[in-house]
Structure formats: structure tokens, C-alpha cells
Amino acid sequence: MGKVLKKEDLNKFLYKIKSSQELIAPVTTDCTRFENVKFISQINLEKIPDFSPKKYLIPAMEDVSFFPESKFNLLQFLKRQKNKVIFGIRLCDINAIHILDKKLLGKDPLYTQRREKITIIGLQCSKEIEKNCFCASFSLKNHADLFFHDIKEEYYIEVKTEKGMKLVSRLKDYDYEADKIYTKKRLENKDLEKEFDNKAWEDAAKKCISCGVCTNICPTCHCFNTEDMTDVDAKKGKRVRFLTSCHYKDFWKNNDDSLIDLKKEDMLKHRIYHKLHYFKKKYGIEMCTGCGRCITNCPAGIDFVKIINSMK
Amino acid sequence: MAEYTEFKINDVRKNGKHENLISVKYKGIVFPGQYFIAWVAGFGDITLPVAFYSDGTLGFSVSIKREASRKLFELRIKETIFLRGPYGHGFPMNNLKHKNLVMISENDLFSPIFAVIKFIELNKKEYKKARVILIQGEDESDAFLDLLKSIDGKKEIEVIKLKNISELKENILINDDKDSAEYLLSFKSTRLKEIVLFLKERGISEKQILIYLNRKIICGTGVCGACAVFGVHACIDGPVFRADKIERFFR
């Protein structure tokens, strides 16, 4: 049993949320991305966002501590964090957050404190989805607090958690059997362990320019590095942490700053195997949710779904 | 990303021109092959493999490689160092008991091997013969060799010095106990392949080879992902690995 909301009442519903906490939703400017909503009318639910809401959980760069004053009080920055509702997240990005939870929740204090303040309101994709989406290849589950389905004049709302129920408790009860998402593109189930030395990897890697777009745009890629930055007098400074990419040479440094001797092919394989094989071995689920953004945005046109599907 | 603890430097011993052995007082359980992360304000973190731990004294070898390590190198007695750790899985010292050990290392990365030797020195009865092969370039200092000379239990610990990895010969292997001897390696990743192949060609199984993987480590807790390589995280799954766990490294 869920709830129902008339489409004409959506703005009122969102405005109520916005009056008590930050509302993050897809906004279209030069592209469609999740932004802190200033006016409800900015929200665009028609297009699948070009970026995931990863930045609200793991910013591309953030201050971790100031020194010498703080002596590394990691949490000093988090006191200012407000409760946030992220609205309009598609199933792929919801599962991406679930994957990040598995890896980081309770282990990374910065992530944990942000995550605990976030409520997720999902939105079912319509039948017309992006050509590179392949989420139906994975058994994605609904980990949202609330999940909206567009049913003509109304939204059917699946209530998944207590946190979600608090937002919709006054709405009418409703029952609805939601359709599953169909994607034309599918990742075939291959035994990747056996395909490690497949020549297809080498051929694809020749095109890679190591720009790191795939990892930056990926909703689950979260590898980071840290660096100390000092003031001009070198007496004060701050530590920052920033997202990095396994496609950058710097990622493969040894402790003595020498580099592990890897080919581009190894870097590409590292990313794909981490997503589809290593993570699954450790946590029981793939680290990819089939959003297809890495394929859409790769300037070299590398499509790992095609690569894997072509392996015989 | 854990908090750092402030320690006072207890002792600084010169170990060659560009290397110092620094020690701090530490209470806890530390195994050879584990590491700490030192913070040098304004310069970043440095991963320090444990060089020895006995009687509540924890030692690290600090050599000048870049600015951050120069700052550590310049530390003197009673000055402060910020550390977090210990992290990672060290050498499985319990599994190495009553086995012949061959330890092969290059001078630069000798710390984790030195920690094993110091551990054996303290627990002599439980370990068999240990052969230490130190690969030392011509311009590198004899500091570790000098330290090894001072180790009590010289009969059990035999030290061989080689100038180059190409000088490794059959006779460095322990032939009387070839199938159960354990081979402990600490090398730069660029040389690891060469040395593992050398051992494999002589019938040593990957399961007999333990490797200290000198990967750059950022968080030490498996969170940042920056030390991942072929499905393992050097920080929490290692930095000591059985060669068969990271066999893709040697292809």
C-alpha cells in the first residue's frame, strides 16, 4: 500500500519540504543536474539528469581540516550540514547511493554524517529512456525513502521507510502495481574472470585518452586523494580531499612516488573489473547500476557494454 | 580517516647519510609488515612501515625522498611526530614458525624485513634458519648491514649482500627444505615481477612467496580506494600478500 498525490499538488508538496529543509532536484541549465532548488518551477523531471547527485555525498573537493589550530578535527565541517531531501532520483542513482552506503557508511565520517541527513525521493523512469541506459541488466532494488510513479494525472508514491512516511502521512492511501523498467541495451552475463586476457580490452584501451570523465561522472566512483595546502607564510594551512581516477597515472603511485608499470589496458580493466567483479566478490552486488553515463560522456566513445558483449 | 596521535621522538639513530631510524614509545600490538601513517603539516602523509617494535619502542626508518620525508628526517629527540595506525595485515608470523625463511629485499625497502628479523631475534626458539639477501646498490649505505651485525642470534640469521638483482643465483634458495620454506620479498613494484619470476622458475610456488606491496596509501582504512590494485586494497588486505593473491601483478 502506498500513497497518491495529484500532479497539481506536487508544487505544494515540494514547497512544504523546502520550507523546512534543503530541496535538491534536477534543474536544467546548460545540462540537467541536481541543484539546490531556489524556485520549485526550476525543477525538470522530464529528462534523466546528466549527472548523479554524488556531489551531495562526496564533493569533488572538500576541506578536511585546518592546521595547526584544529589538530585534525575531521568533523568540524559537518556541524553546519542541514537536512536535505533529494527529489527526482532515478533507480540507478538510488542504487548508486546504496552501493556507496555499503562501502562508506559508518567507515567514512564525512560521508556518514552527510548521508544520515539525506532523505531520498525517487522517480520511476518513463518508458522512453536514454539510449545508453542498461540498468535492466542488474537486479536493482528500491532503496529510496519514497518512490514516485507517474500515473497520468497523479503520482503513486511507494513508501519505503519511516523517514519517508513522515513526509506523506497526510496523503490518501493508494494501491498500484508498478511496471518494471525495460532497457534495450543489456550487459550480457559473462564470466569476467575468464575474460581478463581477452584482446578486446587492449583494442578498446588504445582509444582511451585517460581523461577520467568516466570515473568523475560515475555515481559510484569515489576514490579520493588528500593534499595539504599551506598559506604563503607556510605556518597555517588546510588539508583537502579530492576525487581522483584510476585512469590517471598519478593514481598508480607507489609509496616512494614511483609508478606501477601499468598499461592503459590495465587501467581500463581495473575500473570495469572493480565495478563488475571485485566489488561483487566482496559485497555481493555489482558496483555498476547501468546508468550509462560513462558511455555517453566518453570522448573516445568507449562502450564497455559493447566490449563485454562482443567477447566470445 | 582517523585522528592522529601526538608522539614524542624517543631516539634518532643515524642509518646512513640519508636515512635515520627514529623511535617513539608505543603501547599496543604491532606486527612486522604493518605500517603507520605520519602526518607532516603542510606536506601531507607518509606511509611508514614498522622497522621494529620491542619493549614498547616502535621504530621507523626515515629516508629523504621528497619534502615531507625530509621534514621527518630532520626530526630530533623530544620533537613531535603525528602518527595513526597500526594498519594492515603484517607478515603472518605464526604461520612462519618452524620454517626456513628466505628474505630478499632491496636496501630502500628493507624496513618491513628488518622488522621480521627483529621479531625473530626476540622469539628465536620458534623460528628456524633465516637467510637474508639484501640487494644494495654501490652508492647505498651499509647502515642496515651494520644493524644486522648487531643482531643477537647470528647463527640462525645468515646475511648475504648482493649488488644487483641479476646476481641472484640458485644457491640463495634453501634447497634442503624447498617445498616448505617461505620467501619474503620487499621490492619496488617494477622489480617484483623479475624476482617472483626468478623464484617461480626455480620451482617455488606462489603460495610460498609473501610480498610487502609498497603501494601508496592514503587513508589506511579501505575507504579512499586509492591503493586498490587488481581487486585488493593494499591498505587493509595487505600490505603483505601471498603472491597468488596478486598474481595479475606478475603477468
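Provided above is the structure to which this section pertains.
Presented here is an overview of the structure given in this document. (Residues numbered from 1 in each chain as written. Chains lettered and ligands numbered in written order. Predicted model: local features only at pLDDT ≥ 70, side-chain atom pairs only at ≥ 80, totals over all residues. Heavy atoms only, no water.)

Check the secondary structure of chain B and you find four helices and 14 strands. In chain B, which comprises 251 residues, the proportion classed as buried is 59%. Within chain B, residue pairs in contact and separated by at least 24 positions form 73% of the contacts whose partners lie at least 6 positions apart. Here chain B has roughly 10,400 Å² of accessible surface; of this, 48% comes from carbon and sulfur atoms. Taken as two groups, the 40 positive and 33 negative side-chain charges of chain B have centres that lie 1 Å from each other. (Helix = DSSP H or I, 4+ residues; strand = E, 2+ residues; numbered from the N terminus. Buried < 20%, exposed > 50% of the residue type's maximum accessible area, 1.4 Å probe, protein only. Contact = heavy atoms within 4.5 Å. Areas by Shrake-Rupley, 256 points an atom, 1.4 Å probe, with all protein chains shown as cover. Lys, Arg positive; Asp, Glu negative; His and termini not counted. Charge placed at Lys NZ, Arg CZ, Asp CG, Glu CD.)

This part covers the environment of A181 of chain B. Residue and element names in this part refer to chain B. Considering the arrangement of structural elements, one finds A181 in the loop between strand 9 (157-162) and strand 10 (182-187). Classification of A181 as buried rests on a relative accessible area of 0%. Counting along the chain gives 27 residues from A181 to Q208, while the straight-line C-alpha distance between them is 6.9 Å. With near-sequence residues (within four places) excluded, A181 lies in contact with N100 and Q208.

So, on to the nonpolar core. If you look at the biggest cluster of nonpolar residues, it comprises 125 residues, and the most contacted ones within it are F304 of chain A together with F91, I104, L168 and L185 of chain B. Once you skip the residues sitting within four places of it in the chain, I104 of chain B turns out to touch I133, I135, L168, I172, L184, L185, S186, F187, I195 and L199 of chain B. If you look at the next biggest cluster of nonpolar residues, it comprises 22 residues, including I46, L58, V62 and L83 of chain B. (Core = buried A, V, L, I, M, F, W, Y, C linked by side-chain atoms within 4.5 Å.)

All names here are of chain B. Spanning twelve residues, helix 2 (residues 111-122) covers 17 Å between terminal C-alpha atoms, matching the ideal 16 Å at 1.5 Å per step. For helix 2, the buried fraction is high: ten of the twelve residues fall into the buried class. Looking at helix 2, one finds that the buried residues are S111, P112, I113, F114, A115, V116, I117, F119, I120 and E121. (Expected span 1.5 Å × (residues − 1).)

Here we come to empty space enclosed by the protein. For the coordinates displayed, the defined rule picks out seven cavities of 30 Å³ or more. Lining the largest cavity are 18 residues, with N255 of chain A together with T47, S61, S63 and K65 of chain B sitting closest to its centre. Ranked by residues supplied to the lining of the largest cavity, first place goes to strand 4 (residues 44-54) of chain B with four residues. Within the lining of the largest cavity, the residues separate by chemical class into six nonpolar, seven polar and five charged. Estimated volume of the second largest cavity: approximately 140 Å³. Taken together, 18 residues make up the lining of the second largest cavity; nearest its centre are C208, C214, R271, C298 and I302 of chain A. Put simply, the parts of the chain that give the lining of the second largest cavity at least two residues each are helix 6 (213-217), helix 7 (264-283) and helix 8 (293-297) of chain A. Here the residues of the lining of the second largest cavity are counted per class, giving 13 nonpolar, three polar and two charged. (1 Å grid on protein atoms, 1.4 Å probe; cavity = no way out; pocket = protein on both sides within 12 Å on 5 of 7 lines; lining within 4 Å. Points joined across faces, edges and corners; volume = space filled by probe spheres on them. Nonpolar A, V, L, I, M, F, W, Y, C, P; charged D, E, K, R; others polar.)

To continue, consider the sheet that holds strand 1 (residues 5-14) of chain B. Residue and element names in this part refer to chain B. Judged by pairing direction, the barrel is antiparallel, and its six strands sit side by side in the order 1-2-5-4-3-6 before closing back on the first. Averaged over all neighbouring strand pairs, the angle between strand axes comes to 45 degrees, with direction disregarded. Relative to strand 2 (residues 19-25), strand 1 runs antiparallel, the two sharing five bridges. If you follow D11 over to strand 2, its bridge partner there is S23. Seen against the sheet, helix 2 touches strand 4 and strand 5 (57-63) and runs at an angle of roughly 20 degrees to strand 4. (Pairing = 2+ DSSP bridges. Axes fitted to C-alpha atoms, helices over the stretch in contact; angles between N-to-C directions.)

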